[in-house]
Amino acid sequence: MARAPQDVEFRSEGTTVRGHLYLPEGGSRRHPVVVMAGGWCYVKELVQPEYARVFADAGIAALVFDYRSFGASDGEPRQHLDPWAQIEDYKNAISWVETRAELDPLRIAVWGISYSGGHVLVVGATDPRVRCIVSNIPVVDGLLTMKQVHGSLSFRRLQAAVLEDRRKRLGGAASGYLPMSTDRPHEELSTWPFPEVKSAFLNFQKTVAPAHEHRNTIASIELLMSYDVSPYAKRILLPPTLMSVAENDDITLWDEEVRVFNQIATPEKKLFVCRDTSHMTLYSNLSRLEMLAREGRAWLLRHLLEPAA
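Report on the accompanying structure. Bear in mind that the values here come from a model prediction, so they are computed numbers and not experimental data.

## A closer look at the overall build of the protein
The helix and strand tally for the protein stands at 10 helices and 10 strands. Here the C-alpha radius of gyration of the protein, 18 Å, is about what a compact globule of 309 residues would show, namely 19 Å. Over its C-alpha atoms, taken along the principal directions, the protein stretches across nearly 55 × 40 × 35 Å. A burial count over the protein gives 57% of its 309 residues as buried. Restricting to contacts in the protein with at least 6 residues of sequence separation, those with at least 24 account for 73%. When the accessible surface of the protein is totalled, it reaches about 12,600 Å², and 52% of it is carbon and sulfur. On the protein, the mean spot of the 35 positive side-chain charges and the mean spot of the 38 negative ones are 2 Å from each other.

## Some points on the packing of helix α2 (residues 83-98) against helix α3 (residues 115-126)
Running from N to C, α2 and α3 cross one another at 60 degrees; their axes reach a closest spacing of 10 Å. Judged by the angle between their axes, α2 and α3 are oblique. In this structure, the crossing between α2 and α3 has a hand that is right-handed. Residues P83, W84, Q86, I87, Y90, K91 and I94 of α2 form the contact with α3, whose own contacting residues are Y115, S116, H119, V120, V122, V123 and T126. A breakdown of the residues in the contact of α2 with α3 according to their chemical character gives nine nonpolar, four polar and one charged.

Cut-offs and rules
- Residues numbered from 1 in each chain as written.
- Predicted model: local features only at pLDDT ≥ 70, side-chain atom pairs only at ≥ 80, totals over all residues.
- Heavy atoms only, no water.
- Helix = DSSP H or I, 4+ residues; strand = E, 2+ residues; numbered from the N terminus.
- Rg over C-alpha atoms; globule rule 2.2 N^0.38 Å.
- Buried < 20%, exposed > 50% of the residue type's maximum accessible area, 1.4 Å probe, protein only.
- Contact = heavy atoms within 4.5 Å.
- Areas by Shrake-Rupley, 256 points an atom, 1.4 Å probe, with all protein chains shown as cover.
- Lys, Arg positive; Asp, Glu negative; His and termini not counted.
- Charge placed at Lys NZ, Arg CZ, Asp CG, Glu CD.
- Axes fitted to C-alpha atoms, helices over the stretch in contact; angles between N-to-C directions.
- Parallel < 35°, antiparallel > 145°, perpendicular 65-115°, else oblique.
- Left-handed = near helix turned anticlockwise from the far one by under 90°.
- Nonpolar A, V, L, I, M, F, W, Y, C, P; charged D, E, K, R; others polar.

Structure (C-alpha cells):
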C-alpha cells in the first residue's frame, strides 16, 4: 500500500518546482521510482494521482510534479508551455530522485500522458538514467496535430493569432492568452477546440484540481507547432518502451502515434491499443483509466522490479 504523498520541491534551471512523492509502505530496500508529469495545462492533482497510487501500491514510488509556471510551482509567465523547458524539468526531477536515500537511482522510469507522453520519449532518448518509458496517448507532431484538430479555416485563424502575438512581443508586450479549449469551436478560438475537453477539465477544476487554469499563452501554441518527437524515437535504443494509444483518438492522432512507435529503436517495446476509447475517455471513464494504469504497472514491474546489473 502507498503512504500519504509527501510535499517535495527541487530547483529546475533556477526555478522552484513542487510535487508530491508517493512512497510504498514498508520495505528496507530502496524503491524503484517513476517520474511523472502531465499534459497541456495539467496540474499534479489532475488524473496523475490515480496512476501514482496504483504504482505505489505495487511497490514503485512515484514523483508527480507541476512544471514551472503551473500549479504550485514558481515561474513566469503563468500558463506558459515550453516543451523543452518541461523536458528539462523532467531531467531535473530525475536528478532530485538521485539524491533521495529511499529511492534507487538505478531504477528510474518516466511516465507521461498526452503532451508529456511525447516528452518522455525525448527524455528517454537523451537521458541515460532512464531505465524504462511509459508513454500514453502522446502528442508526437505538434504542427500536424494543430492542423488536423482545427481544420483549414480555423487553423488560418490560429496562425494569424500566433503571428499577431509575436509582433506584439517584439514591442515589449507579454504574450497574450487563449482558452485551452472551448465549447463553441466555431465562434471562439482556442488551442484544443473540443467541447469534451472543456467539460472534463472544468469538472476536474471544480473537484480534484482547483489549481488548474483553463488557458495558455499564445506563445505556447507557436512552440507546440515546432514540436516533433520523431527524431528522438530513433534514439531510444536501450529503455524498454510502452506506448498506449486509443482506438478513437482524433485529438493526439493514434495513427501518428503508431508511426512514431514503429520508429522506436529498442526491440523491447510494446504497443497497447485501448479499444472503443477516445482521448478524453481515458480521463472521464474510470474503467479505461484503470486499464491504462494496470498496463503501466505491469510494464514498470517487469522492468524495474530487479536492481540494475
